[in-house]
Amino acid sequence: MKPLAIGDSNFKTIVQNGYYIDKTGFIKEIIDNFFGTKLFLRPRRFGKTTNMFMLKEYFDITKKEENINLFNELYIDTLGEEYKKHQGAYPVIFISLKEAKQDTWDIMYGNVKTVIMELYENNKHIREKLEDYQCERYNNILMGKAEYIEYQNALKTLISYLYEYYNQKVIVLIDEYDAPLNKAYLKGFGDQAIGFIQTFLSGALKDNSNVQVGILTGVLQIGQKSIF
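A few points on the structure. Predicted, not measured: the structure shown is a model, and the values here were computed from it.

Regarding its fold elements, the protein chain presents 11 helices and 4 strands. Within the protein chain, buried positions represent 46% of all 228 residues. Contacts in the protein chain between residues far apart in sequence, at least 24 positions, make up 77% of those at least 6 positions apart. Carbon together with sulfur atoms contributes 48% to the accessible area of the protein chain, which is approximately 11,800 Å² in total.

Further remarks concern the packing of aromatic side chains. Where two aromatic rings form a pair, the distance of their centres and the angle of their planes describe that pair. Tallying each qualifying case throughout the model produces 16 aromatic pairs. Centroid distance Y165 to Y166: 4.8 Å. Interplanar angle 75 degrees. Geometry classified as edge-to-face. Taken together, a centroid distance of 5.8 Å and an interplanar angle of 20 degrees make the contact between F196 and F200 stacked. You can see F196 and its partner F200 sitting in helix 10 (residues 190–205), 4 residues apart, about one turn around the helix. A single burial state applies to F196 and to F200, both of which are buried.

Packing of helix 6 (residues 132–142) against helix 8 (residues 154–166) leaves a shortest axis separation of 12 Å and a crossing angle of 135 degrees. Put simply, helix 6 runs oblique to helix 8. The handedness of the crossing between helix 6 and helix 8 comes out as left-handed. Residue-level contacts link Q134, R137, Y138 and I141 of helix 6 to A154, T157, L158, Y161 and E164 of helix 8.

Moving on: the pairing of strand 1 (residues 37–41). A one-sided burial pattern is seen for strand 1, the buried positions being K38 and F40 and the unburied ones T37, L39 and L41. Sheet topology note: the strand 1/strand 4 (residues 211–218) ladder contains 5 bridges and is parallel. What sits directly across from L41, in strand 4, is G218.

What follows concerns unusual backbone geometry. Where the residue is not glycine, phi is negative for most of them; where a peptide bond is considered, it is trans in most cases. For E176, which is not a glycine, the phi torsion comes out positive at approximately 55 degrees. Its location among the elements puts E176 in the loop between strand 3 (170–175) and helix 9 (179–187).

Our focus in this paragraph is the environment of Y120. When you line up the elements, Y120 lands in helix 5 (residues 105–122). Assessed through its relative accessible area of 0%, Y120 is described here as buried. Once residues within four sequence positions are removed from consideration, Y120 is found in contact with Y138, I141, L142, A154, T157 and L158.

Basis of the calculations
- Residues numbered from 1 in each chain as written.
- Predicted model: local features only at pLDDT ≥ 70, side-chain atom pairs only at ≥ 80, totals over all residues.
- Heavy atoms only, no water.
- Helix = DSSP H or I, 4+ residues; strand = E, 2+ residues; numbered from the N terminus.
- Buried < 20%, exposed > 50% of the residue type's maximum accessible area, 1.4 Å probe, protein only.
- Contact = heavy atoms within 4.5 Å.
- Areas by Shrake-Rupley, 256 points an atom, 1.4 Å probe, with all protein chains shown as cover.
- Phe/Tyr/Trp six-rings, centres within 6.5 Å; stacked < 30°, edge-to-face > 60°.
- Axes fitted to C-alpha atoms, helices over the stretch in contact; angles between N-to-C directions.
- Parallel < 35°, antiparallel > 145°, perpendicular 65-115°, else oblique.
- Left-handed = near helix turned anticlockwise from the far one by under 90°.
- Pairing = 2+ DSSP bridges.

In structure tokens form, the structure reads like this:
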């Protein structure tokens, strides 16, 4: 008997080692509307993070061979080549902001900065195709030496580099986008947080021809217009 995966949000480990309620119809829903930026608001403990991991595992070009059989016998695998051709076909950026809900702006910014540095660490192989000046910018962000404005634009910058490297549009997944914003408003530094997050997200996702689709999850609709 397989164990119940309590407290585990990782789609891959759940499918391989535990019971999984098939929600791969969500992948079909995304492919059927494969453009723009989509915001999904759901209550806590609703499986948002697991679904985001699921999308990453399905679309991620770096996991194509590793995950070739991961979706066997799941609903999405029964839909034929029209959907199968998208598996492992896109560079994917996955960011979770759930740990960025801190009590001061300085700590929150430091946490977000660490998330960005880890993202750059995970994609550092793309530096081999960058121009010298691009590589210098990449390394400065990676090592925590870049200016504030460069971290504000770090997501947009990485998207452009991934597009150049793979010659393929990028899928961007942002889990719990509202976690730092909600905390910032409660602690009285909402303007600082929204100033950073607005540039960070809208600069990367709004009218960006290098993005195939952007997907955000959260609990509260803090104000989509204030973000985009």
